[in-house]
Amino acid sequence: GSESDSVKRGSADIAALGIPSVEETAAQPATLYEHLTFQIHCMGADALQAGLAERMVGWLDADGYLRTPLAEIATAEGVEPEALEAALALIHGLDPAGVGARDLRECLLIQLEHRHQRDSLAWRIIQEQFELFAKRRPPQLAARLKVPLADIEEACRHITHLDPKPARWRHG
């Protein structure tokens, strides 16, 4: 009786203050920025690289892409482009896989790398013959890569299960 009544009263008092419950807080997804910067700080990177990576996260678009050229970001941030390359490599290691990519090809390659599929046929297709893949030309891919058509079709199906907009799950 009395203990559960005081818990209910306490919960009502907290709710009256506008403080969200633990359940409400846990149910709210973090923003992409929060999700990525949390990971950056957990990685144990040196402070300079972590700081640059965090600033670069601010340049990502809603899909998780880095659309602004590194040279332009370097000028705006007052740093060397080489320093940004290292910070971008750190971002490419974050979840969701593919975040920080500069284009779709890079996005798909990052996702395959996260899945340890750098030696796969899917990797070769994206790395070496992205335009043919994008044009949906399996017979030409099979001829160029000297691989059976069935293998190409299977690898292409695998690629189509990757996420072209890796940050979309955060905004949906």
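**Side note on the overall build of the protein chain**
Point 1. A tally of helices and strands in the protein chain yields 11 helices and 0 strands.
Point 2. For the protein chain, the computed accessible surface area is about 10500 Å², with 54% contributed by carbon and sulfur atoms.

**Comments concerning the packing of helix α8 (residues 121-134) against helix α10 (residues 149-160)**
How two helices sit against one another is set out by the angle between their axes and by the gap between those axes.
Point 1. For the pair α8 and α10, the least separation of the axes is 10 Å and the interaxial angle reads 90°. Accordingly, the angle class assigned to the pair α8 and α10 is roughly perpendicular. On the side of α8, the interface is formed by Leu 121, Ala 122, Ile 125, Ile 126 and Phe 133, while α10 contributes Asp 151, Ile 152, Ala 155, Cys 156, His 158 and Ile 159.
Point 2. Here the residues of the contact of α8 with α10 sort into 9 nonpolar, 1 polar and 1 charged.

**A closer look at helix α4 (residues 47-57)**
Point 1. Inspection of α4 places Ala 50, Leu 52, Ala 53, Met 56 and Val 57 among the buried residues, and these make up the whole buried set. Buried positions in α4, seen along its axis, are confined to an arc of 165° and lie on one side of it. Away from its buried face, by an angle of more than 90 degrees, α4 presents the exposed residues Ala 47 and Leu 48.
Point 2. Elements in contact with the buried residues of α4: α3 (32-42), α5 (70-77) and α6 (81-92).
Point 3. At the N-terminal boundary of α4, the capping side chain belongs to Asp 46, with an oxygen 3.1 Å from the backbone nitrogen of Leu 48.

**Here's the deal with the packing of α5 against α6**
Point 1. The geometry of α5 relative to α6 is characterised by a closest axis approach of 9 Å and an angle of 110° between their N-to-C directions. As summarised for this structure, α5 and α6 are arranged roughly perpendicular, according to the angle between their axes. Contacts between α5 and α6 involve Leu 70, Ile 73 and Ala 74 from the former and Pro 81, Leu 84, Glu 85 and Leu 88 from the latter.
Point 2. Each residue belonging to the contact of α5 with α6 can be placed in one class, and the counts come to 6 nonpolar, no polar and 1 charged.

**Details of the packing of aromatic side chains**
Point 1. According to the stated counting rule, one finds 1 aromatic pair in the structure shown.
Point 2. Their ring planes at 35° and their centres at 6.4 Å tell us that Phe 130 and Phe 133 sit as a pair that is tilted. One end of the pair is Phe 130 and the other is Phe 133, both in helix α8 and 3 residues apart, which spans about a single turn. There is no split in this pair, since Phe 130 and Phe 133 are both buried.
Point 3. The cationic tip of Arg 67 hangs over the ring face of Tyr 65; the distance from NZ or CZ to the ring centre is 4.1 Å.

**A look at α8**
Point 1. A rise of 1.5 Å per residue sets the reference length of α8, with its 14 residues, at 20 Å; its end C-alpha atoms lie only 15 Å apart and thus fall more than 12% short of the reference.
Point 2. For α8, every residue scored as buried is listed here: Ala 122, Trp 123, Ile 125, Ile 126, Gln 129, Phe 130, Leu 132 and Phe 133.
Point 3. Among the structural elements, α7 (104-114), α9 (138-145) and α10 are those in contact with the buried residues of α8.
Point 4. Looking one or two residues past α8, Arg 136 carries a phi angle of roughly 55°, positive in sign.

**Quick notes on the layout of surface pockets**
Point 1. Within this model, the largest pocket holds a volume of roughly 300 Å³.
Point 2. What lines the largest pocket is a set of 14 residues, and nearest its centre among them are Phe 133, Ala 134, Arg 136, Ile 159 and Thr 160.
Point 3. If you list the elements that add at least two residues to the lining of the largest pocket, you get α7, α8 and α10.
Point 4. With 4 residues, the top contributor of residues to the lining of the largest pocket is α10.
Point 5. Along the lines of polarity and charge, the residues of the lining of the largest pocket split into 10 nonpolar, 1 polar and 3 charged.

Reading guide: rules and limits
- Residues numbered from 1 in each chain as written.
- Predicted model: local features only at pLDDT ≥ 70, side-chain atom pairs only at ≥ 80, totals over all residues.
- Heavy atoms only, no water.
- Helix = DSSP H or I, 4+ residues; strand = E, 2+ residues; numbered from the N terminus.
- Areas by Shrake-Rupley, 256 points an atom, 1.4 Å probe, with all protein chains shown as cover.
- Axes fitted to C-alpha atoms, helices over the stretch in contact; angles between N-to-C directions.
- Parallel < 35°, antiparallel > 145°, perpendicular 65-115°, else oblique.
- Contact = heavy atoms within 4.5 Å.
- Nonpolar A, V, L, I, M, F, W, Y, C, P; charged D, E, K, R; others polar.
- Buried < 20%, exposed > 50% of the residue type's maximum accessible area, 1.4 Å probe, protein only.
- Arc of directions from axis to C-beta.
- Polar contact = N/O pair within 3.5 Å; in protein donor to acceptor, adjacent residues only side chain to side chain.
- Phe/Tyr/Trp six-rings, centres within 6.5 Å; stacked < 30°, edge-to-face > 60°.
- Lys NZ or Arg CZ within 6 Å of the ring centre and 35° of its normal.
- Expected span 1.5 Å × (residues − 1).
- 1 Å grid on protein atoms, 1.4 Å probe; cavity = no way out; pocket = protein on both sides within 12 Å on 5 of 7 lines; lining within 4 Å.
- Points joined across faces, edges and corners; volume = space filled by probe spheres on them.

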